[in-house]
Protein chains: 2
Amino acid sequence: MHIVVPAGGIGAARFLRGLRAAAPDAQVTVIGNTGDDITLFGLRICPDLDTVMYTLGGGINDEQGWGRADEAFVVREELAAYGVGPAWFGLGDRDFATHIVRTQMLSAGYPLSAVTAALCDRWQPGVTLLPMSDDRVETHVVIGDEETGGRRAVHFQEYWVRLHAEPLAHDIVVVGAEDAKPGPGVLEAIARADVVLVPPSNPVVSIGPVLAVPGIREALEATAAPVVGLSPIVAGAPVRGMADKVLAAIGVQASAAAVAVHYGSGLVDGWLVDTSDSDAVPEVTAAGIASRAVPLLMTDLDAAAAMVREALQLAAELAG
Amino acid sequence: MHIVVPAGGIGAARFLRGLRAAAPDAQVTVIGNTGDDITLFGLRICPDLDTVMYTLGGGINDEQGWGRADEAFVVREELAAYGVGPAWFGLGDRDFATHIVRTQMLSAGYPLSAVTAALCDRWQPGVTLLPMSDDRVETHVVIGDEETGGRRAVHFQEYWVRLHAEPLAHDIVVVGAEDAKPGPGVLEAIARADVVLVPPSNPVVSIGPVLAVPGIREALEATAAPVVGLSPIVAGAPVRGMADKVLAAIGVQASAAAVAVHYGSGLVDGWLVDTSDSDAVPEVTAAGIASRAVPLLMTDLDAAAAMVREALQLAAELAG
């Protein structure tokens, strides 16, 4: 069985760990969001790809969900001593090495897909991790500009890590998406998918940029394989992160049903909501999307695996 | 008093520490060798500039003479885990930060001189540290090629650090020197020098590349200020390093007198040899260079300061 999973960072990574446990024999292709990528200290950083790679490769700082386990911060301390920032992006020494290797390979002319494959040679994540695109795509958040009274766009990382998602987000702009091409293997993977699972990642800034690359949404809509998503909103709030704020920015309510409708029945064939949101099931069903309520809190690996099994079960029923 | 010092790495740095102690009120301009510079892991590394900066700024690993004190090696370990080399160049985590800052600034378009000034803002070495040139100059060593039976050129760092100066050096080529321009401030510093001191650095691969930049040797030869050098060869052997091997490569004997003659009376007006080489004094004098024998082993700061005082004394006598 070949399963395709468009993916963001922490939520997707934990979901994928559940998928590896629930379906160890499945061939899994992950289409990773690169809209969060950022260049800091002259180094190219791909937070979502790295979170998936580290999590599945056993190198993640499990407690915080991102970055490396057993991490040290000597380089950051030294950069600060030079007065070189930003200090708000906390890169550890082990993590720095990944970005040094990536940047060196990119500078040598390798596309991000080849670089990602090379990094995964070490981590052996047990999935094929493909960047959504080798082209530069960058998610920006439009916030108010206190100085001018107008608005300004900041990189998603600045909005999220530096500003803690506190400023009101007026809009989300995926810069460069319309000119981006799907990364090598992305459309081919979707074409031969038996199942597509949309994990409970942020629908706007994690899955949204993946779908914004021309050809990817179309391929997911065209596939004969069942596409089953899991709600990132439980009881009207995101399980983690700031999905509610960026959903509001694009005019979508932070509810399990509204996210399903936002994706649309053209994209998702099935939709799991949390048991606490069982009243959303009729609304989702009315939108032409098969739905059921199951526990959706990824409290541990077993819980994540159970969610995956529910999603695969729904997919099997939809494939009929 | 304004003292100008063309400088290599460890020997020059320790000599300069002696200079700071012996003449704390002197204004010192260091013209640093950049022929050893190398790009590794996509990062620009300037070993000699950094050794001077760290040594005078109090950040040096005093025992080994290069690199940072209290160093860790997490990044190197991680790079090795990715299979990314070379492993033979042992960069520490603290050191990596310097190269990250430098590379980022160079990529942003700043010349090496501006980058060096910015790094020195942190280290406050108490001297003005100028790269000999902002242009790329690279010292290569011509060695035998076992595979073809012919010869091949390797970067000086590869010859010295990786190959431990074991292969026979047939020639030294300072690639790019003839097209390089002196760095900003270099000629101006020489023009207003009261004294020029040539430290006991390697005459071929440390001082040689500085002199190979068109205009620098000429300025040193033209200055009215006394130029006093100190022999890096004591009792027929280099105090440290592989000066004997690279001297042989350019056909110069490894002796205190031969190095003075190699520099030439047009360049150096005075030359100190070690007390164990007192028999070299007549030969050097005969070459038109004032000479005397004094202790030249930089066993500690006091010894280095004493050497500087001897050099300044000779310079004062020469200035008459």
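Quick caveat, the model's predicted, so the values are computed rather than measured.

Enquirer: Just to check I follow, could you spell out the overall build of chain A for this structure?
Expert: The helix and strand tally for chain A stands at 13 helices and 14 strands. Here the C-alpha radius of gyration of chain A, 19 Å, is about what a compact globule of 320 residues would show, namely 20 Å. The principal-axis extents of the C-alpha atoms in chain A amount to approximately 60 × 50 × 35 Å. Relative to its 320 residues, chain A shows a buried fraction of 54%.

Enquirer: What is the right way to read the environment of Y263 of chain A from this model?
Expert: Residues and elements named next belong to chain A. Checked against the element boundaries, Y263 lands in helix α11 (residues 256-263). Each C-alpha atom, one on Y263 and one on I207, is 9.8 Å from the other, the two residues being 56 residues apart in sequence. With residues up to four places along the chain from it excluded, the contact list for Y263 reads P203, G229 and V268.

Enquirer: Would you take a moment to explain the domain arrangement of chain A for this structure?
Expert: Residue and element names in this part refer to chain A. We note that the domain assignment places domain 1 (2-134 + 178-319) and domain 2 (138-172) within chain A. Taking only C-alpha atoms into account, the centre of domain 1 sits 22 Å from that of domain 2. Across the boundary between the two partners, domain 1 contributes 15 residues, which contact 13 residues of domain 2. Elements with a contribution of two residues or more to the side of domain 1 that touches domain 2: α8 (207-212) and α10 (243-249). Counting residues per element, the side of domain 1 that touches domain 2 draws most heavily on α10, which supplies three residues.

Enquirer: Explanation requested: the sheet that holds strand β9 (residues 195-198) of chain A in the structure shown.
Expert: Strands in a sheet are paired, the pairing made by backbone hydrogen bonds, and the direction either parallel or antiparallel. All names here are of chain A. The strand order across the open sheet built from seven strands is β5-β2-β1-β9-β10-β13-β14, with neighbouring strands paired in parallel fashion. The sheet is open, and its two edges are formed by β5 (128-131) and β14 (290-294), each paired on a single side. Across the sheet, the axes of successive neighbouring strands diverge by a mean angle of 20 degrees, strand direction being ignored. As paired strands, strand β10 (residues 227-230) and strand β13 (residues 270-274) are joined by three bridges and run parallel to one another. Bridge assignment links L230 to a residue of β13, and that residue is L272.

Enquirer: What is the right way to read the relation of the copies chain A and chain B from this model?
Expert: What relates the two chain copies is a rotation about an axis together with a slide along it. Between chain A and chain B, which share one sequence, the superposing operator has a rotation angle of 180 degrees and an axial displacement of 0.0 Å; the RMSD is 0.0 Å. Overall, the copies show the geometry of a two-fold rotation axis. Rotation axis and chain A: the residue whose C-alpha lies nearest the axis is D93 of chain A, separated from it by 3.7 Å. Taken as a fraction of all interface residues of chain A, those also at the interface in chain B reach 100%, which identifies the copy contact as same-surface.

Enquirer: What exactly am I supposed to notice about the nonpolar core here?
Expert: The nonpolar side chains of a soluble globular protein tend to be buried, and buried together. Counting residues in each nonpolar core, the largest one holds 205 residues, and the members touching the most others are L16 of chain A together with L16 of chain B. Beyond its immediate sequence surroundings of up to four residues, L16 of chain A is in contact with V5, A7, V30, V52, L56 and V127 of chain A.

Enquirer: What am I meant to see in unusual backbone geometry here?
Expert: Note on backbone geometry: most residues besides glycine have negative phi, and most peptide bonds are trans. Residue and element names in this part refer to chain A. Look at the link from G85 to P86: it is a cis peptide, with omega at 10 degrees. Looking at the secondary structure, you find P86 in the loop between α3 (74-81) and α4 (93-107). A positive phi angle, close to 55 degrees, is found at F41, a residue other than glycine. Tracing the sequence through the fold places F41 in the loop between β3 (38-40) and β4 (43-45). Its 22 C-beta neighbours within 10 Å are what place F41 among the buried residues. For A165, which is not glycine, the phi torsion reads 55 degrees and is therefore positive. Here A165 lies in the loop between α6 (156-162) and β8 (171-175).

Enquirer: Hey, could you run me through the environment of L301 of chain B in this one?
Expert: Residue and element names in this part refer to chain B. Within the secondary structure, L301 is located in helix α13 (residues 301-319). When the 14 C-beta atoms within 10 Å are taken as the criterion, L301 is described as partly exposed. Distance from L301 to A256, taken between C-alpha atoms, is 22 Å for residues 45 residues apart in sequence. What L301 contacts, discounting residues up to four positions off in sequence, is R17, G18 and A21.

Enquirer: Honestly, helix α11 (residues 256-263) of chain B in this entry has me stumped. Any pointers?
Expert: Since the α-helix advances by 3.6 residues per turn, residues separated by three or four positions end up pointing in the same direction. All names here are of chain B. Most of α11 sits out of view: six of its eight residues are buried. Considered for burial, the residues of α11 that qualify are A256, A257, A258, V259, A260 and Y263. On its buried side, α11 packs onto β10 (227-230), β11 (233-234), β13 (270-274) and α12 (281-286). Phi turns positive, to about 95 degrees, at G264, one or two residues after α11.

Enquirer: I would appreciate a short explanation of the packing of helix α2 (residues 47-57) of chain A against helix α5 (residues 112-123) of chain A in the present structure.
Expert: All names here are of chain A. Across the interface, α2 lies against α5 with an axial gap of 10 Å and an inter-helix angle of 20 degrees. Taken together, α2 and α5 sit at an angle that is classed as roughly parallel. As α2 runs across α5, the sense of the crossing is right-handed. Contact residues: α2 offers L49, M53, Y54 and G57, while α5 offers T116, L119, C120 and W123. Per-class residue counts for the contact of α2 with α5 are six nonpolar, two polar and no charged.

Enquirer: So what exactly am I meant to see when it comes to the sheet that holds strand β14 (residues 290-294) of chain B here?
Expert: All names here are of chain B. Read across the sheet, seven strands follow the order β5-β2-β1-β9-β10-β13-β14 without closing on themselves; strand pairing throughout is parallel. Edge positions in the open sheet fall to β5 (128-131) and β14, since each of these has one partner strand only. The sheet shows a mean angle of 20 degrees between the axes of neighbouring strands, taken without regard to direction. Relative to β14, β13 is paired through five bridges, and the arrangement is parallel. Residue pairing in the sheet places G270 in a bridge with A290 of β14. Contacts from α13 reach β9 (195-198), β10, β13 and β14, with the element oriented near 145 degrees to β13.

Enquirer: Sorry if this is basic, but what is going on with the interface of chain A and chain B here?
Expert: A common way to state how big an interface is: give the accessible area lost once the parts meet. Taken together, the contacts link 21 residues of chain A with 21 residues of chain B. Secondary-structure elements contributing two or more residues to the side of chain A that touches chain B are α3, α4 and α5 of chain A. The leading source of residues in the side of chain A that touches chain B is α4 of chain A, at nine residues. Across the side of chain A that touches chain B, the residue classes tally to 13 nonpolar, four polar and four charged.

Enquirer: Even after reading the chapter, I still don't get the pairing of strand β2 (residues 27-32) of chain B, so can you show me in this structure?
Expert: Along a regular strand, successive side chains alternate from one face of the sheet to the other. Residue and element names in this part refer to chain B. Of all six residues in β2, five are buried, a share of seventy percent or more. Taken together, the six bridges between strand β1 (residues 2-7) and β2 define a ladder with parallel strand orientation. Bridging from a neighbouring strand, A7 pairs with G32 of β2. Assessed by its sense of winding, the connection that carries the chain from β1 through helix α1 (residues 10-22) to β2 is right-handed.

Enquirer: Before we go on, may I ask you to explain the pairing of β9 of chain B in this structure?
Expert: Residue and element names in this part refer to chain B. Burial along β9 is two-sided: V195 and L197 and V196 and V198, pointing in opposite directions, are all buried. As paired elements, β1 and β9 share two bridges and run parallel to each other. Among the inter-strand pairings, I3 is bridged to a residue of β9, identified as V195. By the bridge criterion, three bridges tie β9 to β10 in an arrangement that is parallel. Note on β10: the bridge partner recorded for V196 is V227.

Reading the values: rules and limits
Residues numbered from 1 in each chain as written. Chains lettered and ligands numbered in written order. Predicted model: local features only at pLDDT ≥ 70, side-chain atom pairs only at ≥ 80, totals over all residues. Helix = DSSP H or I, 4+ residues; strand = E, 2+ residues; numbered from the N terminus. Rg over C-alpha atoms; globule rule 2.2 N^0.38 Å. Buried ≥ 20, exposed ≤ 12 C-beta atoms within 10 Å, placed from the backbone. Contact = placed C-beta atoms within 7 Å. Domains from an automatic or database assignment. Pairing = 2+ DSSP bridges. Axes fitted to C-alpha atoms, helices over the stretch in contact; angles between N-to-C directions. Least-squares fit on C-alpha atoms with pLDDT ≥ 70 in both. Core = buried A, V, L, I, M, F, W, Y, C linked by C-beta atoms within 7 Å. Parallel < 35°, antiparallel > 145°, perpendicular 65-115°, else oblique. Left-handed = near helix turned anticlockwise from the far one by under 90°. Nonpolar A, V, L, I, M, F, W, Y, C, P; charged D, E, K, R; others polar. Right-handed = clockwise from strand over helix to strand, strands pointing away.

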